[in-house]
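# Fold and geometry: a report
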2 protein chains.
Amino acid sequence: MESIKQLALKKIANKTKPLGSLGMLEDCAVRLCEIQQTLDPCVASKKIVVFAGSHGVAEEGVSAFPAAVNEQMVLNFLSGGAGINVLAHHGGIQLGVVDVGVDSDFNGVESTFFTRRTVRRGTRNFAKEPAMTREECAAAMEAGREELRKAAAEGVQMVGTGEMGIANTTAASALFSALLGMEAGISTGRGTGIDNERLLVKTRVVREAVIRYRTIGDSEGPLGWLRAVGGLEIAAITGFILEAAQARVPVVVDGFISTAAATVALAINHACRQVIFFSHKSDEHAHADVLRRLNADPLLDLRLRLGEGTGAALAMHLLDASAKIMCEMASFESAGVSASESEP
Amino acid sequence: MESIKQLALKKIANKTKPLGSLGMLEDCAVRLCEIQQTLDPCVASKKIVVFAGSHGVAEEGVSAFPAAVNEQMVLNFLSGGAGINVLAHHGGIQLGVVDVGVDSDFNGVESTFFTRRTVRRGTRNFAKEPAMTREECAAAMEAGREELRKAAAEGVQMVGTGEMGIANTTAASALFSALLGMEAGISTGRGTGIDNERLLVKTRVVREAVIRYRTIGDSEGPLGWLRAVGGLEIAAITGFILEAAQARVPVVVDGFISTAAATVALAINHACRQVIFFSHKSDEHAHADVLRRLNADPLLDLRLRLGEGTGAALAMHLLDASAKIMCEMASFESAGVSASESEP
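Residues numbered from 1 in each chain as written. Chains lettered and ligands numbered in written order. Predicted model: local features only at pLDDT ≥ 70, side-chain atom pairs only at ≥ 80, totals over all residues. Heavy atoms only, no water.

All names here are of chain A. All chains considered together, the criterion is met by 52 salt bridges over all chains. Put simply, Asp289 and Arg292 hold a salt bridge, and the shortest N to O gap is 3.9 Å. Of this pair, Asp289 and Arg292 both sit in helix H13 (residues 287-293), three residues apart, roughly one helical turn. A cluster of three or more residues bridged by salt bridges with shared partners is formed by Arg117, Glu146, Glu147 and Lys150. (Salt bridge = Lys/Arg side-chain N within 4 Å of Asp/Glu carboxyl O. Helix = DSSP H or I, 4+ residues; strand = E, 2+ residues; numbered from the N terminus.)

The next thing to look at is the relation of the copies chain A and chain B. It takes a turn of 180° to lay chain A on chain B, together with a shift of 0.0 Å along the axis; the resulting RMSD is 0.0 Å. Here the two chains are linked by the operation of a two-fold rotation axis. Distance from the rotation axis, computed per C-alpha, reaches its smallest value in chain A at Leu300 of chain A: 3.3 Å. Taken together, the interface assignments show that 100% of the residues at the interface of chain A recur at the interface of chain B, consistent with an identical surface on both copies. (Least-squares fit on C-alpha atoms with pLDDT ≥ 70 in both. Contact = heavy atoms within 4.5 Å.)

Of the residues lining the interface, 62 residues belong to chain A; the matching set on chain B comes to 62 residues. Each partner contributes to the roughly 5,000 Å² buried at the junction of chain A and chain B, and carbon and sulfur atoms together form 60% of this total. When the buried surface of chain A facing chain B is broken down by residue, His90, Arg303 and His317 of chain A rank first, second and third, together holding 13% of it. At the boundary of chain A with chain B, the tally comes to four salt bridges. If you look at where chain A meets chain B, you find 25 residue pairs in polar contact (both at pLDDT 80 or more). Looking at the side of chain A that touches chain B element by element, the count peaks at nine residues for helix H14 (residues 310-328) of chain A. Taken together, the residues that form the side of chain A that touches chain B break down as 29 nonpolar, 19 polar and 14 charged. (Buried area = accessible area lost by both parts, 1.4 Å probe. Polar contact = N/O pair within 3.5 Å; in protein donor to acceptor, adjacent residues only side chain to side chain. Nonpolar A, V, L, I, M, F, W, Y, C, P; charged D, E, K, R; others polar.)

Residue and element names in this part refer to chain B. Pairing in this open sheet of six strands is parallel, and the strands run E3-E2-E1-E4-E5-E6 from one edge to the other. Strands with a single pairing partner mark the edges of an open sheet, and in this sheet they are strand E3 (114-116) and strand E6 (276-278). Pairs of neighbouring strands in the sheet enclose a mean axial angle of 25°, with direction left out of account. Sheet topology note: the strand E1 (residues 46-53)/strand E4 (residues 158-164) ladder contains seven bridges and is parallel. Within E4, the residue paired with Val49 across the bridge is Thr161. (Pairing = 2+ DSSP bridges. Axes fitted to C-alpha atoms, helices over the stretch in contact; angles between N-to-C directions.)

Centre-to-centre distance and the angle between the planes together describe a pair of aromatic rings. In the structure shown here, the tally under the stated rule is eight aromatic pairs over all chains. In this structure, Arg31 of chain B packs its charged tip against the face of Phe277 of chain B, placed 4.1 Å from the ring centre. (Phe/Tyr/Trp six-rings, centres within 6.5 Å; stacked < 30°, edge-to-face > 60°. Lys NZ or Arg CZ within 6 Å of the ring centre and 35° of its normal.)

Right, let's get into the packing of helix H1 (residues 4-13) of chain B against helix H14 (residues 310-328) of chain B. Residues and elements named next belong to chain B. Look at H1 against H14: their axes get within 9 Å of each other, and the N-to-C directions meet at 75°. Between H1 and H14, the angle is such that the two are roughly perpendicular. Between H1, through Ala8, Lys11 and Ile12, and H14, the contact on the second element is made entirely by Ile325, Met326 and Cys327. In terms of residue class, the contact of H1 with H14 is built from five nonpolar, no polar and one charged. (Parallel < 35°, antiparallel > 145°, perpendicular 65-115°, else oblique.)

Right, let's talk about the environment of Leu179 of chain A for a bit. Following the sequence through the fold, Leu179 of chain A ends up in helix H6 (residues 168-180). For the pair Leu179 of chain A and Thr263 of chain A, spaced 84 residues apart in sequence, the C-alpha to C-alpha distance is 7.6 Å.

We now examine unusual backbone geometry. Residues and elements named next belong to chain A. Despite not being glycine, Ala167 shows a phi value in the positive range, around 85°. Along the chain, Ala167 falls in the loop between strand E4 (158-164) and H6. Positive phi outside glycine occurs at Asn295, with the angle close to 55°. Mapped onto the elements, Asn295 comes out in the loop between H13 and H14. A residue is classified by how much of its surface remains accessible, and Asn295, at 66% relative accessible area, is exposed. (Buried < 20%, exposed > 50% of the residue type's maximum accessible area, 1.4 Å probe, protein only.)

Rendered as structure tokens:
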């Protein structure tokens, strides 16, 4: 019996167009067929979950923005004014905002799309001690898993990852250095736009962290690195991706930070590769190199470096397009169009 | 007084995101402001016009598909089964199909979005004689101009170009060779997927045409090349783009063939560059090189090579997103978010 993949390849080869001429859309369409185990994939119902957390390492002066921006930006998400609000709405994508560890009590803040799953008010400064305990990291991952299960139960057919966390490119770079063996000078970039002085500090913080936590990484594996140098929102996204693989829900990975979470998820269980779509190549220095190492072929390259899930939101339109190509386009036979003379 | 561009740059710099972090979306947003002369650009109403024409040069055996496919594909457009139908519908884009010279009488064919502006039933074979007379070429260009005026009168805020014409990559390659000085071996590719034997024939046809019509090109300029080696649909798109510039309507150029029309339009009046957005880098061999020569920075690179306007349809979603970023995102001040400590 032919596999879904073989049948999907055959179906798309018979659409009224030159063979392979829809490029990456065709690859994505076939992958969606495999994930959903159907020849008529549907990802009409889409959701992006933005996980937010504060980072103790921000006190090292590694970011261009003050840590107070975490709380301010969550409020901005909830009032609809952030980039991800605009792009999710534009793409017909449902939005969820989840506090896993912002240093704020969000007193009196209420919103239908805001969930509080606070593990602790920010990670510890990993320039001094591990960012999280094993328990905290596991709790943050579980928050991500719960969000995925909630979305799947709501009938969401494709999810995207988003994040907010001042200083989280520092955590992401440290994870890339640790898990992909990238030198700190390679993995570390300007994030939200730091000057040379801060970049030197940031690179040193990353380099020293990879040395400092080697024992934890060696004994606890990728989860050890995640708790030592990661972030609460990165751990949540890691859990979100792992659970998406289990639930066979396609997951669109946003930019630099989300890719760090995907890298951890892949190190824990490489099988989750099947459900992952890398949305875009970020303008953040190391991302192109990271994507190459992950053998990832991102859909977009728009020099984005905002995070929040903005790249995922834009890529979802393309993935939805690819599903519709598979379902709605006519075949040579049904449309009465002559096939190529050159092809078998 | 500050220009719209300066004001637009200032406005987007104050949005709640790191400076420049939305990359190409920001560039596009500023350009839309300039085109529409407003700080609140809107491209909600979108339309793609697919121009179809037959090519006499098809009889040289330069395509993988029989010439009868032109008529069949127009009927496929009208019944909604082609790639462009699916992607235009997906993007909320109105579709128009215009026959400027398909070798068919379309007897009894009626559709609300089909316009017959037949100049003649296909071009002449430019391996033997000029594809069009001056009058025919002018009439095809005028058909394109009329379509643009019609769209603008309907309130369309952004248009996209599409085409259908078996053998039209041969015409496009000849135009690139003639207008950009590219050797035929460089400008010519596999189109819909021809084998090596046909590729040799196609390259020879292009090389000889550029020599054969040098006198016409020298005496009549880009319009001379357009009529000698172009196509009726390519001439129509050229007129469409030139008129878009006049009407200040942003025009999204699809792939290889549409870029050939844009190249002619730019050679005729370089000022139309202001309204042109190049949608994507096609998988057709020479397109990357052509885009570099035009100093174009395409939005997408999805290995598409279908034409019909499919790349334009996908890129329109991004352009619409950029307009919405400009209009809907909160500023640091309005959202109460702290600005960067590093920036002035």
